[in-house]
Structure formats: structure tokens, C-alpha cells
Amino acid sequence: MNDTPGWASPGSAPSDGQETGIPRPSEPVDSSGPAGNWSSRQPPAGQWSPPSSSGTGPGAPPPAPGWGGRPQGPGWAGRPHAAKPGVIPLRPLGVGEILDGTVSTMRAHWRTVLGITLTVAVIAQTAIILVQRYLLPDPPPVDANATGPEALRQTADSLQYNLMNSAPPLLITMFATIFTTAVLTVVISRSVLGRPVTLSDAWAEARPRLLPLLGLTLLLAVMAAAVMTAGLLPGLLLGDTAGVGLAFLGLLAACVVLVWLMIRFCLASPALMLERQSITASMRRSVKLVRGAWWRTFGILVLTSLLTFIVTLMIGIPFGTIALFVDDGGLNALLTDGATSFGWPFLIIGDVVIATITYPLSAGVMALLYVDQRIRREALDLDLARAAGLPGYDNGS
């Protein structure tokens, strides 16, 4: 592994089917000799631990500095001490440590993170408001008393309008997310090693990977659309009451398949960014890293989504309320014309603040989840320790 965010290629990783060749830490620099050099004075009976175990008696050797090792035997209890050159300890992480590492990155590199997210959020939200106000058509009239073919036509028109109205914001948000994810992944990879990073450094590292990341995002979006279409199409083609029931069942099945696929491919973006993988190789990489940890990954992402939703409510509700009263006639406009009349204050006070906080939260959890899975499966903590220059680790492979 080198010292840049483009971490080592996983060619000999255990998740690729090769269990041998995993590096081990070198002898601690303060070691008094090989494990076989026994002292002439032995501890009393019952307090002795063999040097190869992780016991805590007087005869137990000190652990290698920063060793984020795995359980070595029945005497192992709890998590061993691990070095922490950056925002996370170099060992398998708990859910709280992943979230804490994300928040620590936002605090430690707040200038870089704020510069990225605030700029992107302002541009994205401004573009969304402009498109919604000046480029999209007005909603079609709806007659609540319509029946038969007229009701079907109005339903189709409303559906078409909703799709047209939601497509531009989704597209703009997708581009904003791609940009922030690319740059913030680089920031987080540096923060794991405890190294400073500027906005220009992060941009220089992330820029060559933007197009592949865009291709990956589009491919996953097309895959999601294909799954949903396959689930809904049979019921829609049938067209009668039975078709509605079939479409509903197809929608449920499609949602289950879609969630399963998205979790399997959720680590493709950090693999593409940090390992310089191609689109298809990063997707295969994600599948291998998630294998055997699907439910854990699912739980962490659900928890992250829940926290993001709570943050959105905590920020959006008070700032949205302020925006109603700050805007001239905002409250009356809300009661008469709808929510679009107070878009600008809400943009400045609400959406931008929400996006500035939630963008790095989502990107940080995803990147650290990727690091955690590689530590668990491939002993990436040893490579990270070497790259961070910790004592007691050789520089070889």
C-alpha cells in the first residue's frame, strides 16, 4: 500500500479467494528478543501465560504497537488496543465508531468539508429552485368528480407531471452527490491516516475518477429502473382489477430485489475511488466485501438513513418555519398558493444547511464501512499502519 488515497490493489486479498500471504506486523521496536527467549525467573503457578497467547498475566508479552489483530485463542477477551493515527482505530469497527469517525472527519477537516459541501449545496439547490419555478409546466387541472376514461386521463396526466417535476431535482441531486462523494471519500481516506488534506489536494485526487463514478451511478440507476419495470409491467399490461393486485405484488417483489442488490453494490463507489477500479470491477469488489455481512451492512445503512432523516427534520422544520415569516407574505402565500411561494428563503436557510450536513455524513459512513470490511476480511489495518508510519511495522508487503 502506498500513502495516497488510491489504496493497494486487492489482487491477493482473502476476499478474492487467496487466504495466504496476509502480512503480519513486525517485531515491536522495544521487544527484548524473539518469543523463544524465556526468562530464568518464571511467575508463580496460575499467573503464567504463554508468549503466543493474549493473556494478561505477568508473563504475557506486550502487544505489538497498533496491532488491530483478530482473536488468537480462547484466552482473548475484548478488543485489543489499536493505534489510532487518524479518526478511527486500526481494527474492526463498531457502528458507533463508524459514525464517530465520520463526525470526527467533519470536525478535523471542517474547512475542506464545508468548502465542498456548502458550495455544491448552494449551486444544486439554486438550480433546483430555478428549474422548478421557470422551466417546468404548471400542474394539470384535476376534477375530483371525474369518472371513467376522464379519471384515467387525469391520473395519467398527473403521473406524467409528477415524473417531469421530480426528474430534474433528482438529476441535479445525483450530480451533486457524485461530486461530493468523490471528493469527500478522498478526504476521509486521508483522515484515516491522520494526514492533512486541502480542497485542492482532494480535488486533484478525485477528478480523474468522476467520470467512472458517474458511469457507476448511472448503471445502478438503470438497474434499479429495470427491476422496477420488470415488477410492475405484468400487472400494468393486464389492466383490470387482477392487474392492480398483480402490480402491487410485483412492486413489493421488485422493492425486495432492489434493496438486496443495492446493499450488495453499496461499496462499489469507495472501491472505485480508493482502489482505482473499473466500474464492473468495483461492483464485483463490493459483492465480495459485503458477502457474509449483508445484514450488518443493511442495518448500518438503515441507521444512517434514520439519522439523516432526523437531522433533516431537526434542521428543516425550524428553519422552514423561520423562512415562512421572513419571506414577505410567506405565510399567506403558503395558505393560498402552496409551498413554492417561499422557495428562496427555504433554499438559503433550510435546504442548503441540510445538504451541507447530510452530504458528508452519508459519504463518510460509506467510506468507513468500506474500510471496516477490508480490515475484517483483508487485514487492511496493517497496510494502513505502515502507510501512517507507525513504529513496529515493516515497509514490505
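Residues numbered from 1 in each chain as written. Predicted model: local features only at pLDDT ≥ 70, side-chain atom pairs only at ≥ 80, totals over all residues. Heavy atoms only, no water.

Going by the annotation in an unreviewed UniProt entry, the name recorded for the protein is Glycerophosphoryl diester phosphodiesterase family protein, with Streptomyces brevispora given as the source organism.

Within the protein, the secondary structure is distributed over 12 helices and zero strands. The secondary structure elements of the protein, listed N-terminal to C-terminal, are α-α-α-α-α-α-α-α-α-α-α-α. In the protein, which comprises 397 residues, the proportion classed as buried is 41%. Accessible surface, the protein as shown: approximately 20900 Å² in total, 66% of it carbon and sulfur. (Helix = DSSP H or I, 4+ residues; strand = E, 2+ residues; numbered from the N terminus. Buried < 20%, exposed > 50% of the residue type's maximum accessible area, 1.4 Å probe, protein only. Areas by Shrake-Rupley, 256 points an atom, 1.4 Å probe, with all protein chains shown as cover.)

Once that is clear, we can look at the confidence of the model for the protein. Per-residue confidence for the protein gives a mean pLDDT of 76; residues scoring 70 or more make up 67%. Here residues 8-13 is modelled with pLDDT under 50, and outside its nearest four sequence neighbours on either side it reaches 14 contacts, counting other chains as well. A low-confidence stretch, residues 17-40 stays under pLDDT 50, and its non-local contacts, those more than four residues away or across chains, total 29 contacts. (pLDDT = per-residue confidence, 0-100. Contact = heavy atoms within 4.5 Å.)

Taking the numbering used here, the UniProt-annotated feature "transmembrane region" (unreviewed entry) corresponds to residues 113-135, 170-189, 210-233, 245-272, 293-326 and 346-371. Structurally, residues 113-135 is divided into 100% helix and 0% strand, and its ends, taken at the C-alpha atoms, are 32 Å apart. Helix makes up 89% of residues 245-272 and strand 0%. Its end C-alpha atoms lie 40 Å apart. (UniProt positions renumbered as here; feature names shortened; annotations may be inferred.)

This part covers unusual backbone geometry. For R276, which is not a glycine, the phi torsion comes out positive at approximately 55°. As for its placement among the helices and strands, R276 is situated in the loop between α7 (268-274) and α8 (279-290). Among the residues examined, R276 registers a relative accessible area of 36% and is labelled partly exposed. Positive phi, normally seen in glycine, also occurs at A379, with a value near 55°. Take A379: its relative accessible area is 10%, and that puts it in the buried class.

For the rest of this paragraph, the subject is the packing of aromatic side chains. As enumerated under the stated definition, the model contains four aromatic pairs in all. When the ring of F179 is compared with that of W203, the centres are 5.3 Å apart and the planes differ by 40°; the resulting orientation is tilted. Remark: W203 occurs in helix α4 (residues 199-206) and F179 occurs in helix α3 (residues 148-192); sequence separation between them is 24 residues. Ring centres of W294 and F298 lie 5.2 Å apart, and the angle between their planes is 10°; on these two criteria the pair is classed as stacked. Linking W294 with F298, this pair stays in helix α9 (residues 294-326), spanning four residues, or about one helical turn. Residue W294 is classed as buried on the basis of its relative accessible area of 16%. Cluster of aromatic residues (ring-pair linked, three or more members): W294, W295 and F298. (Phe/Tyr/Trp six-rings, centres within 6.5 Å; stacked < 30°, edge-to-face > 60°.)

One pass over the structure, following the stated rule, counts 10 salt bridges. Of the charged contacts, one joins E97 and R91 as a salt bridge, the two residues approaching to 2.7 Å between their closest N and O atoms. For R91, a relative accessible area of 12% gives the class buried. Salt-bridge contacts for E378 lead to R285; the nearest nitrogen and oxygen are separated by 2.8 Å. Here E378 is found in helix α11 (residues 343-378), whereas its partner R285 is found in helix α8, with 93 residues between them in sequence. Each member of the pair E378 and R285 is classed as buried. Bridged by salt links that share partners, the residues E275, R285, R374 and E378 form one connected network. (Salt bridge = Lys/Arg side-chain N within 4 Å of Asp/Glu carboxyl O.)

One can find T185 in helix α3. If we ignore the near neighbours within four places in the chain, the residues touching T185 are M273, L274 and A367.

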